[in-house]
Amino acid sequence: MRARTRFATAAVHGAWDPKGLGAGMVPPIDLSTTYRLPIGPDGPALMDGWVAGEELDGSPIYARLHNPTVAAFERGLARLEGADGAVAFASGMAAMTAVLLAARVAGQGNHVVAVRPLYGGTDHLLSSGLLGLRITWATPEAVAEAIEADTVLVIAETPGNPTLDLVDIEALVRDAGDVPVLIDSTFATPVLQNPIAHGATLVLHSATKFIGGHSDALGGVVAGPDAWVRRLRQVRIATGAVLHPQAGYLLHRGLATLPTRVLTQQRSAMTLAERLRAHPDVLEVRYPGLAANAGHAGIVARQMRGPGTMIAFRVRGGSAAAQGLLGGLRVITPAVSLGSVETLIQVPADFTHRAMDADDRAAAGIPDDLLRLSVGLEDVEDLWADLAAGLEAAREVGVDRAERVLAGV
Ligand SMILES: *Cc1c(COP(=O)(O)O)cnc(C)c1O
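We now turn to the structure provided with this report. (Residues numbered from 1 in each chain as written. Predicted model: local features only at pLDDT ≥ 70, side-chain atom pairs only at ≥ 80, totals over all residues. Heavy atoms only, no water.)

## As for the packing of aromatic side chains
Phase 1: For the structure on display, the rule yields zero aromatic pairs.
Phase 2: Against the face of Tyr-119 rests Lys-209, its NZ or CZ located 5.1 Å from the ring centre.
Phase 3: When the ring centre of Phe-89 is taken as origin, the NZ or CZ atom of Arg-236, which lies over that ring, is 6.0 Å away. (Phe/Tyr/Trp six-rings, centres within 6.5 Å; stacked < 30°, edge-to-face > 60°. Lys NZ or Arg CZ within 6 Å of the ring centre and 35° of its normal.)

## Some thoughts on the site of the ligand
Phase 1: Residues in close proximity to the ligand total 13 residues, the closest being Gly-92, Met-93, Asp-184, Thr-208 and Lys-209.
Phase 2: Met-93 is positioned with one of its backbone polar atoms (N or O) 2.8 Å from an oxygen atom of the ligand.
Phase 3: In the environment of the ligand, a nitrogen atom lies 2.6 Å from a nitrogen or oxygen atom belonging to the side chain of Asp-184.
Phase 4: Isolated, the ligand exposes 380 Å² of accessible area, and the fraction of that covered by the protein chains is 93%.
Phase 5: Broken down by class, the residue content of the shell around the ligand amounts to three nonpolar, seven polar and three charged. (Near = heavy atom within 4 Å. Polar contact = N/O pair within 3.5 Å; in protein donor to acceptor, adjacent residues only side chain to side chain. Areas by Shrake-Rupley, 256 points an atom, 1.4 Å probe, with all protein chains shown as cover. Nonpolar A, V, L, I, M, F, W, Y, C, P; charged D, E, K, R; others polar.)

## Some remarks on the side chain of Thr-343
Phase 1: Within the fold, Thr-343 resides in the loop between strand E10 (333–334) and strand E11 (344–346).
Phase 2: With a relative accessible area of 0%, Thr-343 lands in the buried category.
Phase 3: Among the polar contacts made by the side chain of Thr-343, one reaches the main-chain amide nitrogen of Gly-376 at a distance of 2.8 Å.
Phase 4: One polar contact links Thr-343 to Glu-378, side chain to side chain, over a distance of 2.6 Å. (Helix = DSSP H or I, 4+ residues; strand = E, 2+ residues; numbered from the N terminus. Buried < 20%, exposed > 50% of the residue type's maximum accessible area, 1.4 Å probe, protein only.)

## What to know about the sheet that holds strand E6 (residues 202–206)
Phase 1: Strands sit in the order E1-E7-E6-E5-E4-E2-E3 across an open sheet of seven strands; the sheet is mixed. On the outer flanks of this sheet lie strand E1 (85–89) and strand E3 (134–138), each paired with one strand and no other. Geometrically, the sheet is characterised by an average inter-axis angle of 20° between neighbouring strands, direction not taken into account.
Phase 2: Pairing between E1 and strand E7 (residues 220–224): five bridges, direction antiparallel. For Phe-89, the partnering residue across the bridge sits in E7 and is Gly-220.
Phase 3: Along the sheet face, helix H7 (residues 169–176) touches strand E2 (111–115), strand E4 (151–157) and strand E5 (181–184) and points at about 155° away from the line of E5.
Phase 4: Contacting E1, E6 and E7, helix H9 (residues 226–239) crosses the sheet at an angle of about 20° to E1. (Pairing = 2+ DSSP bridges. Axes fitted to C-alpha atoms, helices over the stretch in contact; angles between N-to-C directions. Contact = heavy atoms within 4.5 Å.)

## Side note on the pattern of salt bridges
Phase 1: The tally for this structure, following the rule as stated, stands at 14 salt bridges.
Phase 2: Here Asp-350 and Arg-354 are joined by a salt bridge, their closest N and O atoms 3.8 Å apart.
Phase 3: Using a relative accessible area of 52% as the deciding quantity, one classes Arg-354 as exposed.
Phase 4: When salt bridges with common partners are traced through the structure, they connect Glu-284, Arg-286, Arg-314 and Asp-369 into a single cluster. (Salt bridge = Lys/Arg side-chain N within 4 Å of Asp/Glu carboxyl O.)

## Remarks on the sheet that holds strand E9 (residues 310–315)
Phase 1: Strand order in the open sheet formed by five strands is E8-E9-E12-E11-E10, with mixed pairing between adjacent strands. Unpaired on one side and paired on the other, strand E8 (282–286) and E10 mark the two borders of the sheet.
Phase 2: Bridge analysis of E10 against E11 gives two bridges, and the strand direction is parallel. Note that in E11 the partner of Pro-334 across the bridge is Ile-345.
Phase 3: Across the face of the sheet, helix H10 (residues 245–278) comes into contact with E8, E9 and strand E12 (371–374) while running at roughly 15° to E9.
Phase 4: Across the face of the sheet, helix H12 (residues 318–327) comes into contact with E9, E10, E11 and E12 while running at roughly 125° to E9.

So this is what it looks like as structure tokens:
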């Protein structure tokens, strides 16, 4: 047994325990697809164990059943979330799909209650009918009412992508009653929020984002109680959406610097959110750390250790001005994804939330001209200078347009 340690220590040491003289400081990347088998009756017994979703010491048999590098990442993440265990998948969407399939097995129904906004891909997966689920969309206040006899899961994202709306996890869990609650905590990371400590059954991360943190590994992970972990492993074995060991290695490595990255990025995000709010051309800033985002303050204090590194905002002049801003940037990159060391910006209605119906987007509170900024590790003054230049470019577009309107062109 390891000593009980604080968060940053667990992030660095939690996942891999080099035992003995000459043991490596990092887990090896195990690329084998197949492993030497035990001979005799131990073989089939081992196979039965893996297929039942157990984690065993013996031969992994086949890489779709188990991979030791990925397992090191899973143990580290579970520790940071305070969960019994975690199961990693090829992407965040593969993780979400696995939870939905596992919920059907666990709950004997096909009804899911979902709170908007959600990541556009998740919204699309639920709306598409692809998994044969019946979805009721509910505001957090209407969740209790939306629960039916065959509801197998309640899904919410907090902070929500891309609007930074917050959901009170404890209130949601109360309203869900016996129905398990899944929180997509990608925006918060385990550094800022542990949904299981607030009663959620499961917590999901697109590990592609903050956990990897360097825009070079795709992955997803779900943490929760033992029974769910077994179920999720069974789904992974059956559907095959395994995390590649190379990505498992990178995500495991990402855990060590996760607290340092998130806290530094958060400090810059607070500065940028304040300055954006004070800028005359900025119409609206959504950031959980701003006093102006009133209802949020209580929720941040109750369930988060900080407001995070993501900012959403709108500039005067609408979509044309938003495009003008993007065109005026030199340090910040227009790109989807988030949580990486470099600062990224995009218009969700055009990219990450494009697959949603326009009406659904409006219902989720995502205007067409909303910009989503993921604050990275660059010097905050360089980031502000770049945003200021972008705002200047946005204003020129706005003025251009006004002039054209006046000239009747
Ligand atoms: C990106 C994202 C996902 C999907 O993750 P992928 O790794 O891209 O499949 C799910 N939820 C949230 C909140 C995200 O930002």
